[in-house]
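# Reading the structure
As a plain string of letters, each chain reads:
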Amino acid sequence: MRLRIERTDWPRPGLYLTDTPRPDCPQCQGEGGIEEDYGDETGDYAGTNWWPCTCWHDNARWLLLALPRRRPWGQPRDPWATDEPPF
């Protein structure tokens, strides 16, 4: 395993220790997977399949430090707070 630190928001915001693809892999050349374009019955481009390489475990990650979630833009700190004067 070749480990690195990554900041991500899924499944929860935090700093994670993750695996990286092997840079000298003969199958994927360090990309971590193999892209394969495919077409429909007329031969036109229809999409791309991505197959993960065996040199990399893309689901291997460990939470090192949990980070707080950010509030949506413009949302007040207190959900009951308002800018209206009292009546």
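Everything below is about the structure shown above.
A brief structural summary.

Quick notes on the rules
Residues numbered from 1 in each chain as written. Predicted model: local features only at pLDDT ≥ 70, side-chain atom pairs only at ≥ 80, totals over all residues. Heavy atoms only, no water. Patch = residues over 30% accessible without salt bridge, like charges linked within 9 Å, V, L, I, M, F, W, Y side chains within 5 Å. Areas by Shrake-Rupley, 256 points an atom, 1.4 Å probe, with all protein chains shown as cover. Salt bridge = Lys/Arg side-chain N within 4 Å of Asp/Glu carboxyl O. Lys, Arg positive; Asp, Glu negative; His and termini not counted. Charge placed at Lys NZ, Arg CZ, Asp CG, Glu CD. Helix = DSSP H or I, 4+ residues; strand = E, 2+ residues; numbered from the N terminus. Buried < 20%, exposed > 50% of the residue type's maximum accessible area, 1.4 Å probe, protein only. Pairing = 2+ DSSP bridges. Axes fitted to C-alpha atoms, helices over the stretch in contact; angles between N-to-C directions. Contact = heavy atoms within 4.5 Å. Phe/Tyr/Trp six-rings, centres within 6.5 Å; stacked < 30°, edge-to-face > 60°. Lys NZ or Arg CZ within 6 Å of the ring centre and 35° of its normal.

## Some details on a negative patch on the surface
- Residues Glu 31, Glu 35, Glu 36 and Asp 37 make up a contiguous surface patch of negative charge.
- In this fold, Glu 31 is placed in the loop between strand S2 (14-19) and strand S3 (33-39).

## Remarks on the environment of Cys 25
- You can see Cys 25 is positioned in the loop between S2 and S3.
- Taking the C-alpha atoms as reference, Cys 25 lies 9.0 Å from Cys 53; in sequence the two are 28 residues apart.

## Re unusual backbone geometry
- Looking along the chain, the bond that leaves Trp 10 and enters Pro 11 is cis, with omega of 0°.
- Along the chain, the position of Pro 11 falls in the loop between strand S1 (3-8) and S2.
- Unusually for a residue other than glycine, Gln 29 sits at a positive phi of about 55°.
- Since its relative accessible area comes to 57%, Gln 29 is described here as exposed.

## What to know about the sheet that holds strand S5 (residues 61-66)
- Strand order in this open sheet of three strands is S1-S2-S5, and the pairing throughout is antiparallel. Each edge of the open sheet carries a strand with a single partner, namely S1 and S5. With strand direction ignored, the average angle separating the axes of adjacent strands in the sheet is 30°.
- Pairing between S1 and S2: six bridges, direction antiparallel. By the bridge assignment, Glu 6 is partnered in S2 with Tyr 16.

## A word on the environment of Gly 14
- Within the secondary structure, Gly 14 is located in strand S2.
- Separated by 53 residues in sequence, Gly 14 and Leu 67 have C-alpha atoms that sit 4.6 Å apart.
- If near-sequence neighbours (up to four positions away) are discounted, Gly 14 is found in contact with Glu 6, Arg 7, Thr 8, Leu 63, Leu 65, Ala 66 and Leu 67.

## Observations regarding the pattern of salt bridges
- Under the counting rule described, the total for this entry stands at four salt bridges.
- With its nearest N and O atoms 3.9 Å apart, the salt bridge here joins Glu 6 to Arg 4.
- Of the charged contacts, one joins Arg 22 and Asp 24 as a salt bridge, the two residues approaching to 3.3 Å between their closest N and O atoms.
- In the salt-bridge network here, residues are joined through shared partners; they are Arg 4, Glu 6 and Arg 61.

## Structural notes on the packing of aromatic side chains
- For the structure on display, the rule yields one aromatic pair.
- Taken together, a centroid distance of 6.0 Å and an interplanar angle of 85° make the contact between Trp 50 and Trp 56 edge-to-face.
- For Trp 50, a relative accessible area of 37% translates into the label partly exposed.
- When its relative accessible area of 19% is taken as the criterion, Trp 56 is described as buried.
- The ring centre of Tyr 16 lies 5.8 Å from the NZ or CZ of Arg 61, which sits over that ring.

None of this, on its own, says anything about what the molecule does.
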